[in-house]
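If you want the building blocks of each chain, they are given just below.
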Amino acid sequence: MAMTASSGVAQGAGSVSAGQAERSPFARTAELLAPYQPAKPLITLSLGEPQHPVPGFVGPVLAKHIGEFGRYPLARGIEPFRRAAASWLTTRFDLPRPVDPESEILVLNGSREGLFFAAITAARYVGPRKGKPAILMPNPFYPAYGAGARAAGCELIYLPTTLTNGFLPDLDALDEATLARTVAMFIASPANPQGAVASRGYFTRLKKLADRYGFMILSDECYSEIYTRQAPGSALECAGPDFTNVVAFQSLSKRSNLPGMRVGFAAGDRKFLAAFHELRNVAAPQVPVPLQHVAVAAYSDEAHVEENRRLYRIKFDLADQILGSRYGYVRPAGGFCVWLDVSERGGDEAAAVKLYRDAGVRVIPGSYLSRPQNDGFNPGAGYIRLALVSDSESTAEALHRLVEILD
């Protein structure tokens, strides 16, 4: 595994095999905890699956359009969905101009498959590179990024996101040789798992790099509507009038508590999206028409989203009170995860086992969400991730148990 002369970022998968690099962190956590039985009733904080109520309009809209399950869906999405997504995006963010629903929106079967297929598209869409094509990604990262990069035949380059760089990739650490062979960079804002939010200035700097070196920015913004203070921005706000080299990915899973519905969209660079559509039209899962009508209703309503944020605000207020400054806790700028430093409590795997066995609290080791850098350093090691997705009573109980066991 090579390392760039100036950046120190890991190139390739290091000592991690391809299979291990793509394994689900949840499967690894299940294996870690399998030998143990929780001493108390289990509270699960490991899985980022929203548990707030499903919006009331879902059932009636499905019932109204039930007959449309008998139609093959178009890969680009029905016109009402594309209009609703474009309108919401244009209203929600300070964009250079309104998004065109005809050419700048594509429906997705949830953002995960979109991120995966976007990596494959980028490798085909971007012109010849100076060296082996590479895809950059934050470390820790969402596993779909790595799986997509491997399927695209690209080298994975992990950019460590640590406390010292604000839990976002250090753009100054990227040297010219690396950038010259980059076909795409994944960025998550709000970040998963740390909740860091990229500023407008950060996105602007990244956009300048993408334009200079001709690579795609694949901006994962599925947590953008989960925040308790200031609303996060979008990479599209800094993408210029044609959104060149920038595509943002959105989902209803977190925003609308609909993780099982599997509906989202990609928006941005119309030339890239045209190539993306060509691949998706023959290979990607389609989105059932009735579910797209539910999404139309969801993107046309903000009341349920505001209620969602209110419930998360209550839980983060509890975390502020119960955790204080323990384990390096700071209320995240976005998302619903808490990233705790347990390096002085035996490390992330030991803490996860202890919390499960002795406290009945299931969390995920941070090292399972990341990969070793060139020097062997794993940016997620020593941390645990908690997803505050349960009700406030269960969340408070889990946090009290955590403090009791780890202190």
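Residues numbered from 1 in each chain as written. Predicted model: local features only at pLDDT ≥ 70, side-chain atom pairs only at ≥ 80, totals over all residues. Heavy atoms only, no water.

Under an unreviewed UniProt entry, the name given to the protein chain is Aminotransferase, and the source organism is Bradyrhizobium valentinum. Under the Sequence similarities (unreviewed entry) heading, UniProt states for the protein chain: "Belongs to the class-I pyridoxal-phosphate-dependent aminotransferase family." (UniProt positions renumbered as here; feature names shortened; annotations may be inferred.)

Chemist: Explain the packing of aromatic side chains residue by residue, including any values.
Modeler: Under the criterion given, the structure shown has 16 aromatic pairs. Considering the side-chain rings of Phe81 and Phe265, the 6.5 Å spacing of their centres and the 70 degrees angle between planes classify their relative orientation as edge-to-face. Of this pair, Phe81 sits in helix H4 (residues 79-92) while Phe265 sits in strand E9 (residues 264-268); the two residues are 184 residues apart in sequence, bridging distant segments of the chain. For Phe265, a relative accessible area of 0% corresponds to the buried category. Centroid distance Phe265 to Tyr299: 5.5 Å. Interplanar angle 65 degrees. Geometry classified as edge-to-face. Of this pair, Phe265 sits in strand E9 while Tyr299 sits in helix H11 (residues 289-299); the two residues are 34 residues apart in sequence, bridging distant segments of the chain. Here Phe265 matches Tyr299 in class, with each residue buried. The structure contains a cluster of three or more aromatic residues connected by ring pairs, namely Phe81, Trp88, Phe93, Phe265 and Tyr299. The ring of Phe276 has Arg280 sitting right over it, with the charged end atom 5.2 Å from the ring centre. (Phe/Tyr/Trp six-rings, centres within 6.5 Å; stacked < 30°, edge-to-face > 60°. Helix = DSSP H or I, 4+ residues; strand = E, 2+ residues; numbered from the N terminus. Buried < 20%, exposed > 50% of the residue type's maximum accessible area, 1.4 Å probe, protein only. Lys NZ or Arg CZ within 6 Å of the ring centre and 35° of its normal.)

Chemist: Could you give an account of the pairing of E9, naming the residues involved and the relevant values?
Modeler: Across the five residues that make up E9, a large majority, five, are buried. The alternating pattern of E9 places Gly264, Ala266 and Gly268 on one face and Phe265 and Ala267 on the opposite face, and all of these are buried. Relative to E9, strand E3 (residues 105-108) runs antiparallel, the two sharing four bridges. Considered in E9, the bridge of Leu108 is made with Gly264. (Pairing = 2+ DSSP bridges.)

Chemist: Account for the UniProt feature "domain: Aminotransferase class I/classII large" (unreviewed entry) in the protein chain, naming residues and giving values.
Modeler: If you check UniProt for "domain: Aminotransferase class I/classII large" (unreviewed entry), the listed places come out as residues 43-401 in our numbering. Span residues 43-401 is 38% helix and 15% strand, its end C-alpha atoms 10 Å apart.

Chemist: Can you explain the nonpolar core? Please cite residues and give values.
Modeler: Residues Phe81, Leu89, Ile105, Phe215, Val263 and Phe265 are the most contacted members of the largest nonpolar core, which totals 62 residues. Tallying contributions element by element places H11 first for this core, with seven residues. No fewer than three residues from each of domain 1 (25-48 + 304-406) and domain 2 (67-300) sit in this core. Discounting chain neighbours no more than four positions away, the residues touching Phe81 are Ile105, Val107, Val263, Gly264, Phe265, Gln292, Ala295, Val296 and Tyr299. Core analysis: the second largest hydrophobic core is formed by 33 residues, Tyr329, Val353, Ile384 and Leu402 among them. (Core = buried A, V, L, I, M, F, W, Y, C linked by side-chain atoms within 4.5 Å. Domains from an automatic or database assignment. Contact = heavy atoms within 4.5 Å.)

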